[in-house]
Amino acid sequence: MALNPQDILNNPFLNKGTAFTKEERQAYGLQGTLPAKVQTLDEQAVQAYGQYSSKTTDLEKRIFLMNVFNTNRTLFYRLMEDHVVEFMPIVYDPTVADSIEQYNELFVSPQDAAFLSVDEPEDVEATLKNAPGGRDIRLIVVTDSEGILGMGDWGVNGVDIAIGKLMVYTAAAGINPSMVLPVVIDAGTNNEKLLHDPLYLGNRHERVRGERYYDLIDRFVQASGKLFPEALLHWEDFGRSNAATILEKYQDKITTFNDDIQGTGIVVLAGILGAMKISKEKLTDQRILIFGAGTAGVGITNQLLDEMKRQGLSEEEARKHFFLVDKQGLLFNDTEELTPGQKAFVHDRSEFENSNELTNLEAAVKAVQPTIMIGTSTQPGAFKETIIKEMAAHTERPVIFPLSNPTKLAEAKAEDLIKWTDGKALVATGIPAAPVDYKGVTYEIGQANNALMYPGLGFGIIASTATRVNGEMLSQASHALGGIVDTEQPGAAVLPPVAKLTEFSQTIAEVVGQSVLDQKLNREEISDIKKAVSEMKWEAKYTDLNL
Ligand SMILES: NC(=O)c1ccc[n+]([C@@H]2O[C@H](COP(=O)([O-])OP(=O)(O)OC[C@H]3O[C@@H](n4cnc5c(N)ncnc54)[C@H](O)[C@@H]3O)[C@@H](O)[C@H]2O)c1
Ligand SMILES: O=C(O)C[C@H](O)C(=O)O
Ligand SMILES: [Mn+2]
């Protein structure tokens, strides 16, 4: 069926705007539908960046870029390529948090997402067919928005995190943007503000739980497997009570991973490997305190546990290195309301003289004397000066990662951590942080955000046609990024910079893909993984439409 000119101009995967050549304008009936001048992609990119730069707030910048995204994907990704460090915090965390909070007010386009409603379970398959409109889908990012970053339940608004994560996949690893599908599970919301907002666009009722919820998840998994048998399924920002349960249910059956659990686990391990290289210490000598033992906190703990075992410790020995602190304080075997994930890492009260007093972070730090402290608690400012000074009094190079997102929820600011520890802390943060100048040294701050890992991980899985995602692949991914630090440079970051995101995403993809082949978990015959990765890599260039 021949496309009419409007079908082309209104399709962001086909549209080139003013870059349609004279010949193309003739061939597709576009004569007179565009201004006369034929621009190159370079010229379009310069013009669009000028317009972007005239916006004064981050949210306005994001809205402008989304406009480009909605109209012309090639131009959008060309801009991402040219300005990745500048654009990451705009299209992704932290500005994506503002767009989620204001989704209803800002709505102009569904952005090719699939909206799965708990009230219309029979429509799941049709929805998954309709949204991509016949495109060959290889990657799905799905959220149910119950735990959007650290901001809690944002109902249908959370679709923006699925869209944002996918943008990073293409910008970082080069997945073809026409092969991705963002999905939101609209199971209702317990966010009172949204329920009372006349503009709210999702299902206006409380979150459905239990059987109906799990039935919808199951229908989604079955239908996506049927329609897109080669797709990788990436779970994002589910609530604490569902995230691990869903992963455990499906990880041995389909090609899938949970980003908050596993993506976060491997980026933190990579950062700690970098820190160990700088401090010349061993992971197996560390005492690790995790503050906020939820989805991410327990995911990180399990990844570090796995690494300790790979480095020779028994499971039992390895577990002794972890101290989980949640709302109840340090977690003991008799603590009430432990989650299944927490139960594996609890301590016995006999290990501490004052175990009854260890009900807050400060007391726990005094008693545990951690050498590494990770924040995934959603509690802003929880890493207070007194706590950090106490920690630094017992260890030469304290490793401190305040990871809660977005900016307003971080447990500490990098600058304060450097100052309070007199430059000794090895710091990484969840959102981008500017370098810190302190006593003549410039401290670069690594960004321990799963965005450094999941694009390479996912792309390696897809390019190698993996049938499963397993611990070996995760470990290999982490080691591919971990420890690339310049130990000669005072103030070096524990992780490589976002400026090199595309470079190291490629390396991670190759390493993960090789692991898939080594384990014979590939669906299709592949002899050369580098070739397979490079052949699948999409580039932001105009090509013939071949219509
Ligand atoms: N940097 C990254 O790559 C990255 C990745 C994933 C999550 N995160 C961030 O980590 C945070 C947690 O995310 P999650 O998905 O694990 O959420 P979650 O709800 O599963 O976990 C949060 C945990 O913190 C605990 N908590 C709440 N208040 C506390 C308090 N006062 N003291 C101690 N613990 C407390 C909760 O009980 C829960 O166990 C979020 O802010 C998220 O943005 C960052
Ligand atoms: O989205 C992010 O920035 C990282 C992470 O997945 C989170 O939930 O905070
Ligand atoms: Mn997340």
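Cut-offs applied
- Residues numbered from 1 in each chain as written.
- Chains lettered and ligands numbered in written order.
- Predicted model: local features only at pLDDT ≥ 70, side-chain atom pairs only at ≥ 80, totals over all residues.
- Heavy atoms only, no water.
- Helix = DSSP H or I, 4+ residues; strand = E, 2+ residues; numbered from the N terminus.
- Buried < 20%, exposed > 50% of the residue type's maximum accessible area, 1.4 Å probe, protein only.
- Pairing = 2+ DSSP bridges.
- Near = heavy atom within 4 Å.
- Polar contact = N/O pair within 3.5 Å; in protein donor to acceptor, adjacent residues only side chain to side chain.
- Areas by Shrake-Rupley, 256 points an atom, 1.4 Å probe, with all protein chains shown as cover.
- 1 Å grid on protein atoms, 1.4 Å probe; cavity = no way out; pocket = protein on both sides within 12 Å on 5 of 7 lines; lining within 4 Å.
- Sits in = over half its atoms within 2 Å of the grid points.
- Nonpolar A, V, L, I, M, F, W, Y, C, P; charged D, E, K, R; others polar.
- Domains from an automatic or database assignment.
- Donors = N, O, S within 2.8 Å, 3.2 Å for Na, K, Ca; no water.
- UniProt positions renumbered as here; feature names shortened; annotations may be inferred.
- Buried area = accessible area lost by both parts, 1.4 Å probe.
- Salt bridge = Lys/Arg side-chain N within 4 Å of Asp/Glu carboxyl O.
- Contact = heavy atoms within 4.5 Å.
- Core = buried A, V, L, I, M, F, W, Y, C linked by side-chain atoms within 4.5 Å.
- Axes fitted to C-alpha atoms, helices over the stretch in contact; angles between N-to-C directions.

With respect to unusual backbone geometry
Here is step 1 of the chain: With an omega dihedral of 10°, the bond running from aspartate 93 to proline 94 counts as a cis peptide bond.
Here is step 2 of the chain: Looking at the element boundaries, proline 94 is found in the loop between α6 (84-91) and α7 (95-101).
Here is step 3 of the chain: Residue proline 406 is reached from asparagine 405 by a cis peptide bond, and omega for that bond is -10°.
Here is step 4 of the chain: Here proline 406 is to be found in the loop between β10 (399-402) and α20 (414-420).
Here is step 5 of the chain: Of note, aspartate 237 is a non-glycine position whose phi angle comes to about 55°, a positive value.
Here is step 6 of the chain: Within the secondary structure layout, aspartate 237 lies in the loop between β4 (232-236) and α13 (243-250).
Here is step 7 of the chain: Phi is positive for threonine 378, close to 65°, though the residue is something other than glycine.

A closer look at the pairing of strand β7 (residues 322-326)
Walk down a regular strand and you will see the side chains alternate between the two sheet faces.
Here is step 1 of the chain: Among the 5 residues that make up β7, 5 are buried, leaving the element largely enclosed by the rest of the structure.
Here is step 2 of the chain: Residues Phe322, Leu324 and Asp326 point to one face of β7 and Phe323 and Val325 to the other, with burial holding for every one of them.
Here is step 3 of the chain: Where strand β6 (residues 288-291) meets β7, 4 bridges bridge the pair, whose relative direction is parallel. Counterpart to leucine 289 in the pairing with β7 is phenylalanine 323.
Here is step 4 of the chain: Inspection of the sheet shows β7 paired to strand β8 (residues 329-330) by 2 bridges, in the antiparallel sense. Among the inter-strand pairings, valine 325 is bridged to a residue of β8, identified as leucine 330.
Here is step 5 of the chain: The loop that links β7 with its antiparallel partner β8 comprises 2 residues.

Focus on the site of ligand 2
Here is step 1 of the chain: Surveying the vicinity of ligand 2 reveals the residues Tyr92, Asp93, Leu149, Lys165, Glu236, Asp237, Asp259, Asp260, Asn405, Asn449 and Asn450.
Here is step 2 of the chain: Within the contact set of ligand 2, an oxygen atom lies 2.9 Å away from a side-chain nitrogen or oxygen of lysine 165.
Here is step 3 of the chain: Taking asparagine 449, its side chain carries an N or O atom lying 2.9 Å from an oxygen atom of ligand 2.
Here is step 4 of the chain: Here ligand 2 loses 91% of its free accessible area of 260 Å² to cover by the protein chains.
Here is step 5 of the chain: Cavity membership is defined here by more than half of the atoms lying within 2 Å of grid points; on that basis ligand 2 lies in the largest pocket.
Here is step 6 of the chain: Taken together, the residues of the shell around ligand 2 break down into 2 nonpolar, 3 polar and 6 charged.
Here is step 7 of the chain: Of the residues that make up the shell around ligand 2, three or more belong to each of domain 2 (95-254) and domain 3 (262-518).

Here's the deal with the coordination of the manganese ion (ligand 3)
Here is step 1 of the chain: All of the protein donors around the manganese ion (ligand 3) are Glu236 (OE), Asp237 (OD) and Asp260 (OD); their distances to the metal are 2.1 Å.
Here is step 2 of the chain: Motif for the manganese ion (ligand 3), donor spacing along one chain: E-D-x22-D. In this pair, glutamate 236 sits in strand β4 while aspartate 260 sits in helix α14 (residues 259-279), placing the two residues 24 residues apart along the sequence. For the pair glutamate 236 and aspartate 260, a shared accessibility class is recorded, and that class is buried.

Re the UniProt feature "domain: Malic enzyme N-terminal" (unreviewed entry) in the protein chain
Here is step 1 of the chain: In the numbering adopted here, UniProt assigns the feature "domain: Malic enzyme N-terminal" (unreviewed entry) to residues 69-251.
Here is step 2 of the chain: Regarding residues 69-251, the helix share stands at 45% and the strand share at 11%, and the terminal C-alpha atoms are separated by 32 Å.

Section: the domain arrangement of the protein chain
Here is step 1 of the chain: By the assigned domains, the protein chain splits into domain 1 (5-91), domain 2 (95-254) and domain 3 (262-518).
Here is step 2 of the chain: The distance between the C-alpha centroids of domain 1 and domain 2 comes to 26 Å.
Here is step 3 of the chain: Buried surface at the junction of domain 1 and domain 2, summed over both partners, amounts to about 1,500 Å²; 69% is from carbon and sulfur atoms.
Here is step 4 of the chain: Broken down residue by residue, the surface that domain 1 buries against domain 2 is led by Phe13, Leu59 and Tyr77, which jointly contribute 37%.
Here is step 5 of the chain: Counting across the domain 1 and domain 2 interface gives 1 salt bridge.
Here is step 6 of the chain: Across the pair aspartate 112 and arginine 73 runs a salt bridge, and its minimum N-O distance is 2.8 Å.
Here is step 7 of the chain: The interface formed by domain 1 and domain 2 holds 4 residue pairs in polar contact (both at pLDDT 80 or more) in total.

Let's talk about the side chain of asparagine 104
Here is step 1 of the chain: Here asparagine 104 shows up in helix α8 (residues 103-106).
Here is step 2 of the chain: For asparagine 104, the side chain forms a polar contact with the main-chain nitrogen of leucine 201, separated by 3.0 Å.
Here is step 3 of the chain: When sequence neighbours within four positions are dropped, the list of residues in contact with asparagine 104 reads Asn157, Leu194, Asp197, Leu199, Tyr200 and Leu201.

Some points on the UniProt feature "binding site: (S)-malate" (unreviewed entry) in the protein chain
Here is step 1 of the chain: The UniProt record annotates "binding site: (S)-malate" (unreviewed entry) at Asn405 and Asn449. The largest pairwise C-alpha distance within this set of annotated residues, which runs over 45 residues, is 9.3 Å, so the set is compact in three dimensions. Taken from the residues named earlier, the lining of the largest pocket is made up of Asn405 and Asn449.
Here is step 2 of the chain: Mapping asparagine 405 onto the fold places it in the loop between β10 and α20.
Here is step 3 of the chain: Classification of asparagine 405 by relative accessible area gives buried; the value is 15%.
Here is step 4 of the chain: If we ignore the near neighbours within four places in the chain, the residues touching asparagine 405 are Asp93, Leu149, Gly150, Gly430, Ile431 and Asn449.
Here is step 5 of the chain: A distance of 3.2 Å separates the side chain of asparagine 405 from the side chain of aspartate 93, its partner in a polar contact.
Here is step 6 of the chain: Along the polypeptide, asparagine 449 turns up in the loop between β14 (446-447) and α21 (454-463).
Here is step 7 of the chain: The class of asparagine 449 is buried, set by a relative accessible area of 3%.
Here is step 8 of the chain: Here glycine 430 takes part through its backbone oxygen, which lies 2.9 Å from a polar atom of the side chain of asparagine 449.

Let's talk about the nonpolar core
Here is step 1 of the chain: Ranked by internal contacts, the top residues of the largest apolar core, which has 119 residues, are Leu65, Phe76, Met88, Tyr169, Ile272, Ile374 and Phe401.
Here is step 2 of the chain: Looking at this core, the element that brings in the most residues is helix α10 (residues 159-173), giving 11 residues.

A look at the sheet that holds β8
Here is step 1 of the chain: The mixed open sheet is built from 7 strands, whose spatial order is β8-β7-β6-β9-β10-β11-β14. In the strand order of this sheet, the two ends are held by β8 and β14, each with one partner.
Here is step 2 of the chain: Packing against the sheet, helix α18 (residues 361-368) makes contact with β6, β7, β8 and β9 (372-375), and its axis sits at approximately 170° to β6.
Here is step 3 of the chain: Taken strand by strand, helix α19 (residues 385-392) contacts β9 and β10, and its axis lies near 155° from that of β9.

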